[in-house]
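Listed here are the chains, written in short residue letters.
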Amino acid sequence: MVDTDLLTAEQLEGLVQEYCTRYHGLNDHESPLQEQSRVLAAVRRGDLVVWFDPVENSAGLGQPPSP
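Cut-offs applied
- Residues numbered from 1 in each chain as written.
- Predicted model: local features only at pLDDT ≥ 70, side-chain atom pairs only at ≥ 80, totals over all residues.
- Heavy atoms only, no water.
- Helix = DSSP H or I, 4+ residues; strand = E, 2+ residues; numbered from the N terminus.
- Contact = heavy atoms within 4.5 Å.
- Areas by Shrake-Rupley, 256 points an atom, 1.4 Å probe, with all protein chains shown as cover.
- Buried < 20%, exposed > 50% of the residue type's maximum accessible area, 1.4 Å probe, protein only.
- Core = buried A, V, L, I, M, F, W, Y, C linked by side-chain atoms within 4.5 Å.
- Salt bridge = Lys/Arg side-chain N within 4 Å of Asp/Glu carboxyl O.

Structural notes on the overall build of the protein chain
The number of helices and strands found in the protein chain is two helices and two strands. Starting at the N terminus, the α and β elements of the protein chain follow one another as α-α-β-β. The contacts of the protein chain with a sequence gap of at least 6 include a subset with a gap of at least 24, amounting to 31%. Per element, the accessible surface of the protein chain, about 4900 Å² overall, is 51% carbon and sulfur.

Brief notes about the environment of Leu 33
Within the secondary structure, Leu 33 sits in the loop between helix H1 (9-24) and helix H2 (36-45). Since its relative accessible area comes to 37%, Leu 33 is described here as partly exposed. Here the alpha-carbon distance between Leu 33 and Val 16, two residues 17 residues apart in the chain, equals 8.8 Å. When near neighbours in sequence (up to four residues on either side) are disregarded, Leu 33 contacts Gln 17, Cys 20 and Thr 21.

A few points about the nonpolar core
If you look at the biggest cluster of nonpolar residues, it comprises 11 residues: Leu 12, Leu 15, Val 16, Tyr 19, Cys 20, Val 39, Ala 42, Val 43, Leu 48, Val 50 and Leu 61. Going through the elements one at a time, H1 and H2 are the ones with two or more residues in this core. A per-element tally of this core places H1 first, with five residues.

A few points about the pattern of salt bridges
Taken as a whole and assessed by the stated rule, the structure comprises three salt bridges. Residue Glu 18 is joined to Arg 22 by a salt bridge in which the shortest nitrogen-to-oxygen separation is 2.7 Å. Highlighted residues: Glu 18 and Arg 22, both in helix H1, separated by four residues, approximately one helical turn. Residue classification places Glu 18 among the partly exposed positions, given a relative accessible area of 32%. In this structure Arg 22 comes out as partly exposed when scored by relative accessible area, which is 32%.

This is the structure we're talking about:
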């Protein structure tokens, strides 16, 4: 898990856009990027976290670990 304070605004925006197009773009949303503010708010609340995969050298948003 990566602390969002370590990311630039542009990096976080890119992760949010990728999340929106991956999860909402495949659904019936005409404009999946309209979900960006809602997804960013979920990141700020901790409902979504940034995961980094060192094997794939990639990052994405996902559910936080279970307590």
